[in-house]
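# Tertiary structure, described
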8 protein chains.
Amino acid sequence: MNSEVRRILEAVRSGGLDVDDALLKLKEKPFEDIGYAKVDLHRKVRQGAAEVIYGAGKTAEQITGIVTAMKNGGQDTILITRLSPEAAAQVGQTHALDYHPDARAGVVGELPPADGLGTIVIATGGTSDIPIAEEAALTAQILGNHVTRLYDVGVAGLHRTLAHLDEIMTASVIVAIAGMEGALASVIGGLADCPVIAVPTSVGYGASFQGLSALLSMLNSCASGVSVVNIDNGFGAGYLASMINHMEGKR
Amino acid sequence: MNSEVRRILEAVRSGGLDVDDALLKLKEKPFEDIGYAKVDLHRKVRQGAAEVIYGAGKTAEQITGIVTAMKNGGQDTILITRLSPEAAAQVGQTHALDYHPDARAGVVGELPPADGLGTIVIATGGTSDIPIAEEAALTAQILGNHVTRLYDVGVAGLHRTLAHLDEIMTASVIVAIAGMEGALASVIGGLADCPVIAVPTSVGYGASFQGLSALLSMLNSCASGVSVVNIDNGFGAGYLASMINHMEGKR
Amino acid sequence: MNSEVRRILEAVRSGGLDVDDALLKLKEKPFEDIGYAKVDLHRKVRQGAAEVIYGAGKTAEQITGIVTAMKNGGQDTILITRLSPEAAAQVGQTHALDYHPDARAGVVGELPPADGLGTIVIATGGTSDIPIAEEAALTAQILGNHVTRLYDVGVAGLHRTLAHLDEIMTASVIVAIAGMEGALASVIGGLADCPVIAVPTSVGYGASFQGLSALLSMLNSCASGVSVVNIDNGFGAGYLASMINHMEGKR
Amino acid sequence: MNSEVRRILEAVRSGGLDVDDALLKLKEKPFEDIGYAKVDLHRKVRQGAAEVIYGAGKTAEQITGIVTAMKNGGQDTILITRLSPEAAAQVGQTHALDYHPDARAGVVGELPPADGLGTIVIATGGTSDIPIAEEAALTAQILGNHVTRLYDVGVAGLHRTLAHLDEIMTASVIVAIAGMEGALASVIGGLADCPVIAVPTSVGYGASFQGLSALLSMLNSCASGVSVVNIDNGFGAGYLASMINHMEGKR
Amino acid sequence: MNSEVRRILEAVRSGGLDVDDALLKLKEKPFEDIGYAKVDLHRKVRQGAAEVIYGAGKTAEQITGIVTAMKNGGQDTILITRLSPEAAAQVGQTHALDYHPDARAGVVGELPPADGLGTIVIATGGTSDIPIAEEAALTAQILGNHVTRLYDVGVAGLHRTLAHLDEIMTASVIVAIAGMEGALASVIGGLADCPVIAVPTSVGYGASFQGLSALLSMLNSCASGVSVVNIDNGFGAGYLASMINHMEGKR
Amino acid sequence: MNSEVRRILEAVRSGGLDVDDALLKLKEKPFEDIGYAKVDLHRKVRQGAAEVIYGAGKTAEQITGIVTAMKNGGQDTILITRLSPEAAAQVGQTHALDYHPDARAGVVGELPPADGLGTIVIATGGTSDIPIAEEAALTAQILGNHVTRLYDVGVAGLHRTLAHLDEIMTASVIVAIAGMEGALASVIGGLADCPVIAVPTSVGYGASFQGLSALLSMLNSCASGVSVVNIDNGFGAGYLASMINHMEGKR
Amino acid sequence: MNSEVRRILEAVRSGGLDVDDALLKLKEKPFEDIGYAKVDLHRKVRQGAAEVIYGAGKTAEQITGIVTAMKNGGQDTILITRLSPEAAAQVGQTHALDYHPDARAGVVGELPPADGLGTIVIATGGTSDIPIAEEAALTAQILGNHVTRLYDVGVAGLHRTLAHLDEIMTASVIVAIAGMEGALASVIGGLADCPVIAVPTSVGYGASFQGLSALLSMLNSCASGVSVVNIDNGFGAGYLASMINHMEGKR
Amino acid sequence: MNSEVRRILEAVRSGGLDVDDALLKLKEKPFEDIGYAKVDLHRKVRQGAAEVIYGAGKTAEQITGIVTAMKNGGQDTILITRLSPEAAAQVGQTHALDYHPDARAGVVGELPPADGLGTIVIATGGTSDIPIAEEAALTAQILGNHVTRLYDVGVAGLHRTLAHLDEIMTASVIVAIAGMEGALASVIGGLADCPVIAVPTSVGYGASFQGLSALLSMLNSCASGVSVVNIDNGFGAGYLASMINHMEGKR
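If you're wondering where the values come from, they're calculated on a predicted model, not measured in any experiment.

Along the backbone of chain A there are 11 helices and 11 strands. The proportion of buried residues among the 251 residues of chain A is 61%. Looking at chain A alone, contacts between residues at least 24 apart form 66% of all its contacts between residues at least 6 apart. Accessible surface computed for chain A: about 8800 Å², of which carbon and sulfur atoms make up 50%.

Right under this line is the structure:
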């Protein structure tokens, strides 16, 4: 944002821009307004690989419109999360869409090649956590990461967790997804030497209180290097994992 | 209680007891009332080994009085939990008292020999959980159990837990004590083949919410054979562990 | 797990196993992977009597597949919990299945003879708690226990509870199941001399807050020997009760 | 309030009062304002027997002043709740005060004779609940009731509760006071045929959450005739019990 | 219960009953067991006027069966709460049933004449609280009380409340029913001189949290004489109001 | 209300009204009772512009009846909030109704001209908050305010918020509507010099806990001039904003 | 902020400012940094009358320093909230300070004349709420408002509230402060025709849960025109009340 | 851990280690046990730069002993968090200790040179958050990172936040620390292109509920790339930030 301000100031000084126009430009919206959503066309530059649409609460028509605007804006690969099969079918009539029912997500365009520092491991405590895990995995893949899936490795059967010690200890980033007691994050956090992003899930019953139990458990993890995102926020975990897996020198 | 009713009824039939006296007896309190507390003199018979006084909220004078009443009632070994060093010093002036500062508990009389089915393992996630663990351990010992202490074996350093696999897998009952994320109960529950009594502790800070996080985590344990007692209830866990470790045929 | 490590190490020493294979074996999964679930084939040995499938969130096809894998693995008796009548009908087309609608559970194979230390009493506060109670009862039966059901003996009609004093006082283990105020666990805990496993249920309305009220009440029980499992966790209570009812010397 | 309006209106019609004065009178405060508190001088008429000062947060000087104003207003008997021993000593220098340390309350003047319908039973689950019970008992006594105290009759030792079946079944109103699991209200509510006022207390630790557990348990009581007041609100329970114990025909 | 014990004891002494039979009798259940519910046939005697069936979670067949058993036991008037119109229609095929859709309740038999001390006022804050209010009103009526309904008199339009000052100030007992902020109980409690039973309701949205807001507000009422029952518990309030309205000397 | 009392009193003094009638009048309800709702006919005077019906929980017939009564009472413009499309269609058969599906609200009559002090800005964090925003906007418009809508200006894309700095800094009152983290209220509160009414919404998932997260966040806003209404209470915010935007001298 | 941008742009165009300096200026901090706090010297212009220091967590030395900086910056009147008597004494050694112990606040300089639209009424439910009320009152006064205090007018003694109907109905803005059940806001909100700012307080005990009960109650107020600030936030309420009381045309 | 297993297995095969010794070694604890704490001597290797002692709940003697053990183990730089000034003084008698009172932490040895990918920005919303921020900053520094502190840049004064746009947009990792509404994390998350670690703090009052409000707000952040650690967990945030700032290729 800083360099834009400089450019505008220089244009004012050089006389190429008068004050009122500059004032306007400084407030100008760097996104196309299509009525029901502000499509941010600068985001590609910032993140580089692809663009993401949060599908929940949007009609198929709205999603189709946003995809069109994005493609017109030069975006090749687009991920649509929280997309129902019905909406996917409708969007698919306008745009070539690859629908992933497990992740409840659709992809427009090609998955980019993996160009991160290493592998992102996505681990779940049980099989009910898989939809969230697939959302995280797809997000990471579409942002250019190699992903290894370790599903149903919950700590109540510790041999299942330990059977994957190699993957855990060589990962670049780990996304640990679990409902109920959420202990997976602590155990993996204690085994791994890399950042662990914990995702509590709302699966379970009784005193799991829709993910509250797992959330609190993960926040209290005694293992260093563990941080937590919102309950069921597979996308957020995948996005952050990709960001960490693409770290580079900033000096 | 049933056999008492029978005895009274038989005395009525035989004429040894008239109706009003029987009515009275049926309501009679089987405990000595010493004003500030009802000293239950039947309890020894029921549990066998020893008697326990919950010291919290009682003055040193009251505790001394209860001990005197119990000893007069024939009780040799008495455990006093939640006993401050100051109160212990005062009680110690009247009764020979062995004070355990770690457990904040005092013992009057000898520890009985261990006569349970096997060993009770008391495990803690961290060093801050030790006071609760010592309360559990002392309770189990005074009720006639062999106890093995495994302290600071939290799952965030899983090699610490696994280093004690032998003790965990050969235990008769395990008491798993942890604050913060409370994952110890699940991991031990998954490794062990015996009942695991989970005790959440109020140690920790922030989102541990005085033990709530560990409590919920333990209740949600996916490992079978795990049950939970109140936050910081070391006594309750030790008592139940002893009960299970003294199971015998009831057919 | 320890003895397996020893066997592998001895095979290495004797030359019957090279290092890489040993390394592999140490991580090898002792369960068959059928895609959607890891079927643990060692569990029978550990618990002895039968195997349990948690049916919630699994399709009838998946359950059928797991049952097939288990039977191929030598398992004769299988309990499927949280099984809808519809899914039961589907599974029943492939495997002989005895469906218990009250417990929402199905049984493949014969119930084993009861070989525990004594009788497990399953008590409920009201009639709405019966589904959870039946899940607990069936679990205990399939694991080889004699079960006595005491339903609708809530303490608000104390004569109902007291009418069963005999069963309560001679039980080996008691499972006390109640929603709303959850007082049943305390009253039974005060009457009985055996371990009491309390199960809060989510029945009720208003300030029962889906079982939270009963859960807190049971955790705070002043009766010794009471521990608590998750809200509505009939299976967990039945499993733990069986474990306690099969205690034997481990010295 | 209605009859006052009538009196004022009649005075207006008769010319004895002009409109502006009437308007004023209709708003006039029926209490003396002594700066830090509005002393309600009508309250005696309404309740009859005595007046109560809530001592918490008031200085000894303020309490002394309120007592003086009340006595000047014709009030003979005054109860001061939540009164520290120190404040009591100070108030006692001006007014003859009978201090009850258990109840943390003081009485100015004589206790009135009991003139209620029957006996109010005040029962507690444990000894730690006694301060709240004494506040309730003293409140009931100063409002003209005969009170029977049943302390330490918690349901975890059910024989203690049942030993007092006579008092419970012949009471006019029962105040059931308990912390921790709060089951006393349900058990007594199931035994008694009279209104039961449940008072949760903040004694306990861990998952009692400062009385929340007992509060929820009591609200969920399955026994009919039970209602609940605020945690630790002994005064409120005693006051309501007296009100019920003085019910009379209003037809 | 006491007098039964005496009768049994006297029969034993007189030889009319041997010990084993007496023992049995002492445990005998004073209710008919019809499989799915224990029909308490003594309750009529205790409360006098009528019997109540809690319809929630019972099938129409079960309700019909219970009504039949009660009528066979001599009960003329029966209230069935939480009864859906569909179940009412089915029960109505066997028993003459007067269905009250507002209260979601049905009545078998005649309403008894009002024989209480005075009038029970049932007041609600809004129109959405009416179903709970009607349940309370019908309960009170079937137990022999005269009822005055004051609906939609919430304090946010205080003139509506004050318009009914007469009814409020002359009531024998008041049931104050409100959701959202629950202030009605405090305002009425401050105006009335009789016991006020507060019923929080789950109507509302947002921070009403299904009645929690009203519940807490009512528990904190600064007005003396107010007590609280469970959220939406119209029956409990009506039952307790009737009990208070039928108080009589017990000396 | 005060001037009414004066009028009545003067009529009494002048003999134009006798005491009993005056007494009655003082209690007389200033609203028409049409059975299912008390239609307040004085409210127009107080607020001036229009009348509002809260449609939730009312049948189309009831709403139609209330509108009829209001129009008979001289009300020209009426807003009906929380009105389903189906109910709107039914009401529309009797009264000319302009339905706003976004706001789930209907308007009978003309919107009045804007006569407030300035512009009310309605800002939302996301697109899912729009229904609540439209309810607020329509409420403000029908009460005579000029409204500017700033939707989807959430702080996670701060340039979107800042692009509207002009509108924010020149507003008369701002309604800031957001779910999830609710940070919009703080940021706008820090930028604006006018009262900010924060409305938390229940949109979101996981740890948003149906609006609780946004509610707490808004209550804790460090920006001065921010206050909060109930979750999803668009009407309340619009009404209060109008009240503030119509402030005038009262000296 | 907008006009500053314009000024800077014009200086750039005119050559009076080069680009780098402009860039710097656009980021320049419009406040003096004195190390431990950023003293905002522009705030006076924005709000006009006076400046406020939040004293909590600041040492007397820090407060003295901030006051000095403010006075150097031309500020005459300064309010210091949450100021202990000890800190006040220390600050008073350097600056003439008028300390208000009730409000726990100090004033440097003169109170400005009242120049608002009307009177701000500050009402409290009880006497324990007075410290919060005084903080609100002093804040309003220092910002140029006429304030009327109505203390101890809680709705449990409704005649106390109604005695002040005149003040309530003629207020410009009302601040309603109450703990416990918080009903004052609803009752006043229903009586008044002006904005009501509700302040829950943390006074009370038991189920008041440190102000949570009052907070929820106030958020659920059915009276229109009521909004809520944080628990115990007297300053925030006084500030917002002043803002509303100084509304003027912005067209 | 994997490579250790391989080494041991190879030693077994080569005959350099017999089976029992290997079995022992596999369980051997890689840490020195000094009674009150297990000092992990392998940790230096894993994280490289320094070792950290969590000082809370440890006596000065214990801390001194752990430092001694660590130094004997070859550790040069040691950070002790949550260290009181008193304990620091005591530890300082044995070891050269640099105490940082703001952070409540002490450092033994030299800070290592910064060798991370870029700069870690530590930002706080207010001045009360500084202790947590200093703990994070010191942790990051001792682990070899360059740290920029941006304190008191809360979003309620957005110009303060924006004044540091340069630092925010060029950071490698940002730690955003805030209590109360916690909006800082969302605003910074929306501005920055790097991972943001949010730390809720327990500062504040009222509805901040000891950090719960900030915690929920941060978990619900709509900005991508934000994750959350426990309330007040400055150490955890600094540790994770360092881990991310030292990411390198793992392919």
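On we go.
With that settled, the discussion passes to the pairing of strand S3 (residues 51-54) of chain E. Residues and elements named next belong to chain E. Taken together, the 4 bridges between S3 and strand S4 (residues 78-81) define a ladder with parallel strand orientation. What sits directly across from Tyr54, in S4, is Thr81. Note that the unit made of S3, helix H4 (residues 60-72) and S4 has a crossover that is right-handed.

It is worth spelling out the relation of the copies chain E and chain D at this point. Once chain E is rotated about the relating axis by 180° and shifted along it by 0.0 Å, it coincides with chain D to within an RMSD of 0.1 Å. The two molecules are tied by a two-fold rotation axis, judged by turn and shift. Relative to the rotation axis, the closest C-alpha in chain E is found at Val228(E), a distance of 2.5 Å. Mapped onto chain D, 97% of the interface residues of chain E are again interface residues, and the two copies thus contact each other with one and the same surface.

Now for the interface of chain E and chain D. Residue-level contacts link 39 residues of chain E with 38 residues of chain D. At the boundary of chain E with chain D, total buried surface from both sides reaches about 3300 Å², with 58% on carbon and sulfur atoms. Where chain E touches chain D, the interface holds 4 residue pairs in polar contact (both at pLDDT 80 or more). Elements supplying a minimum of two residues to the side of chain E that touches chain D: helix H3 (43-47), helix H8 (165-170), helix H10 (212-219), strand S11 (226-228) and helix H11 (234-245) of chain E. Here the side of chain E that touches chain D takes 5 residues from H11(E), the largest share from any one element. The residue makeup of the side of chain E that touches chain D, split by class, is 20 nonpolar, 11 polar and 8 charged.

Time to look at the environment of Gln62(H). All names here are of chain H. Note on placement: Gln62 falls in helix H4 (residues 60-72). For the pair formed by Gln62 and Gly236, sequence separation is 174 residues and the distance between their alpha carbons is 22 Å. For Gln62, the side chain forms a polar contact with the main-chain nitrogen of Thr59, separated by 3.0 Å.

For the rest of this paragraph, the subject is the interface of chain C and chain B. Contact with chain C, which involves 38 residues of that partner, is made by 39 residues of chain B. Summed over both sides, the interface between chain C and chain B buries roughly 3300 Å², with carbon and sulfur atoms accounting for 59% of that surface. Applying the counting criterion to the chain C and chain B interface returns 0 salt bridges. Connecting chain C to chain B are 4 residue pairs in polar contact (both at pLDDT 80 or more). Of all elements in the fold, only helix H3 (43-47), helix H8 (165-170), helix H10 (212-219), strand S11 (226-228) and helix H11 (234-245) of chain C reach the threshold of two or more residues within the side of chain C that touches chain B. Per-element accounting of the side of chain C that touches chain B gives the leading share, 5 residues, to H11(C).

Residue and element names in this part refer to chain A. Summary statistics for chain A give a mean pLDDT of 84 and a share of 83% for residues scoring 70 or more. Contacts of residues 27-35 to residues separated by more than four positions or lying in other chains number 24 contacts, the stretch itself having pLDDT below 50. Throughout residues 40-48 the model reports pLDDT below 50, and contacts reaching past four residues in sequence, or to other chains, amount to 24 contacts. Across the predicted assembly, pTM comes out at 0.86 and ipTM at 0.83.

Between side chains of opposite charge, a pair can form as their charged atoms come close. According to the stated counting rule, one finds 16 salt bridges over all chains in the structure shown. Arg149(A) is the partner of Glu134(A) in a salt bridge, and the nearest nitrogen-oxygen pair spans 2.7 Å. Here Glu134(A) is found in helix H6 (residues 130-142), whereas its partner Arg149(A) is found in strand S8 (residues 146-150), with 15 residues between them in sequence. We classify Glu134(A) as buried; its relative accessible area is 11%. Exposure remark for Arg149(A): the relative accessible area of 32% places this residue in the partly exposed category. Note that Glu135(F) and Arg82(F) form a salt bridge whose closest N and O atoms lie 3.3 Å from each other. Placement of Glu135(F) in helix H6 (residues 130-142) and of Arg82(F) in the loop between strand S4 (78-81) and helix H5 (85-91) is noted, with a sequence separation of 53 residues between them.

Each of the two chain copies can be brought onto the other by rotation about an axis and movement along it. The two copies are related by a screw operation: chain C maps onto chain B through 180° of rotation and 0.0 Å of translation along the axis, at an RMSD of 0.1 Å. When the interface residues of chain C are mapped onto chain B, 100% of them again lie at the interface, so the same face is used by both copies.

Below, the discussion takes up the packing of aromatic side chains. The description of an aromatic ring pair rests on the distance of the ring centres and on the angle between the ring planes. Scanning all chains against the criterion turns up 8 aromatic pairs over all chains. Measuring from centroid to centroid gives 5.8 Å for Phe235(B) and Tyr239(B), while their planes differ by 55°, and the two rings are tilted. A residue pair is termed a helical-turn pair when its members lie 3 or 4 positions apart in one helix, as Phe235(B) and Tyr239(B) do in helix H11 (residues 234-245) at 4 residues. Taking the relative accessible area as the measure of exposure, Tyr239(B) reaches 10% and is therefore buried. Taking the ring centre of Tyr205(C) as reference, the NZ or CZ of Arg82(E) above it sits at 4.4 Å.

Bringing the sheet that holds S4(E) into the picture now. All names here are of chain E. One open sheet holds the 4 strands; their spatial order is S3-S4-S6-S5, and the pairing between them is mixed. Bordering the open sheet on either side are S3 and strand S5 (97-100), each of which pairs with just one other strand. Pairs of neighbouring strands in the sheet enclose a mean axial angle of 20°, with direction left out of account. For S4 and strand S6 (residues 105-108), the ladder comprises 3 bridges, and the chain directions are antiparallel. Bridge pairing in S6 places Ile78 opposite Val108.

The next point concerns the environment of Ala183(D). All names here are of chain D. Residue placement: Ala183 occurs in the loop between strand S9 (173-178) and helix H9 (184-191). Residue classification places Ala183 among the buried residues on the basis of a relative accessible area of 1%. The spacing of Ala183 and Leu17 is 166 residues in sequence and 59 Å in space, taken between C-alpha atoms.

Residues and elements named next belong to chain H. Reading across from one edge, S3-S4-S6-S5 is the order of the 4 strands in this open sheet, with mixed pairing throughout. The open sheet is flanked by strand S3 (51-54) and strand S5 (98-100), the only strands paired with a single partner. Adjacent strand axes in the sheet meet at a mean angle of 20° when their direction is disregarded.

All names here are of chain A. Within strand S9 (residues 173-178), 6 of the 6 residues are buried, leaving the element largely enclosed by the surrounding structure. The alternating pattern of S9 places Val173, Val175 and Ile177 on one face and Ile174, Ala176 and Ala178 on the opposite face, and all of these are buried. Inspection of the sheet shows strand S7 (residues 119-124) paired to S9 by 5 bridges, in the parallel sense. The partner of Val121 across the bridge, within S9, is Ile174. Pairing of S9 with strand S10 (residues 196-200) involves 5 bridges; the strand directions are parallel. Residue pairing across strands places Ile177 opposite Val199, the latter belonging to S10. Running through helix H9 (residues 184-191), the crossover from S9 to the neighbouring parallel element S10 is right-handed.

Between H10(E) and helix H10 (residues 212-219) of chain G, whose axes approach to 8 Å, the crossing angle comes to 125°. Comparing the axis directions of H10(E) and H10(G) gives the class oblique. Taken as a pair, H10(E) and H10(G) cross one another with a handedness that is left-handed. Contacts between H10(E) and H10(G) involve Ser213(E), Leu216(E) and Ser217(E) from the first element and Ser213(G), Leu216(G) and Ser217(G) from the second.

Moving on, we come to H9(D). Among the 8 residues that make up H9(D), 8 are buried, leaving the element largely enclosed by the rest of the structure. If you check which residues of H9(D) are buried, you get Leu184(D), Ala185(D), Ser186(D), Val187(D), Ile188(D), Gly189(D), Gly190(D) and Leu191(D).

Turning our attention to the side chain of Asn245(D). Its location among the elements puts Asn245(D) in helix H11 (residues 234-245). A distance of 2.8 Å separates polar atoms of two side chains, one belonging to Asn245(D) and the other to Asn145(D).

As a further point, take the side chain of His95(A). Residue and element names in this part refer to chain A. One can find His95 in the loop between helix H5 (85-91) and strand S5 (97-100). Only 3.5 Å separates the side chain of His95 from the backbone oxygen of Thr64, close enough to count as a polar contact. Look past the residues within four positions of His95 in its chain and what remains in contact with it is Thr64, Val67, Thr68, Lys71 and Val108.

Reading the values: the criteria
- Residues numbered from 1 in each chain as written.
- Chains lettered and ligands numbered in written order.
- Predicted model: local features only at pLDDT ≥ 70, side-chain atom pairs only at ≥ 80, totals over all residues.
- Heavy atoms only, no water.
- Helix = DSSP H or I, 4+ residues; strand = E, 2+ residues; numbered from the N terminus.
- Buried < 20%, exposed > 50% of the residue type's maximum accessible area, 1.4 Å probe, protein only.
- Contact = heavy atoms within 4.5 Å.
- Areas by Shrake-Rupley, 256 points an atom, 1.4 Å probe, with all protein chains shown as cover.
- Pairing = 2+ DSSP bridges.
- Right-handed = clockwise from strand over helix to strand, strands pointing away.
- Least-squares fit on C-alpha atoms with pLDDT ≥ 70 in both.
- Buried area = accessible area lost by both parts, 1.4 Å probe.
- Polar contact = N/O pair within 3.5 Å; in protein donor to acceptor, adjacent residues only side chain to side chain.
- Nonpolar A, V, L, I, M, F, W, Y, C, P; charged D, E, K, R; others polar.
- Salt bridge = Lys/Arg side-chain N within 4 Å of Asp/Glu carboxyl O.
- pLDDT = per-residue confidence, 0-100.
- Phe/Tyr/Trp six-rings, centres within 6.5 Å; stacked < 30°, edge-to-face > 60°.
- Lys NZ or Arg CZ within 6 Å of the ring centre and 35° of its normal.
- Axes fitted to C-alpha atoms, helices over the stretch in contact; angles between N-to-C directions.
- Parallel < 35°, antiparallel > 145°, perpendicular 65-115°, else oblique.
- Left-handed = near helix turned anticlockwise from the far one by under 90°.

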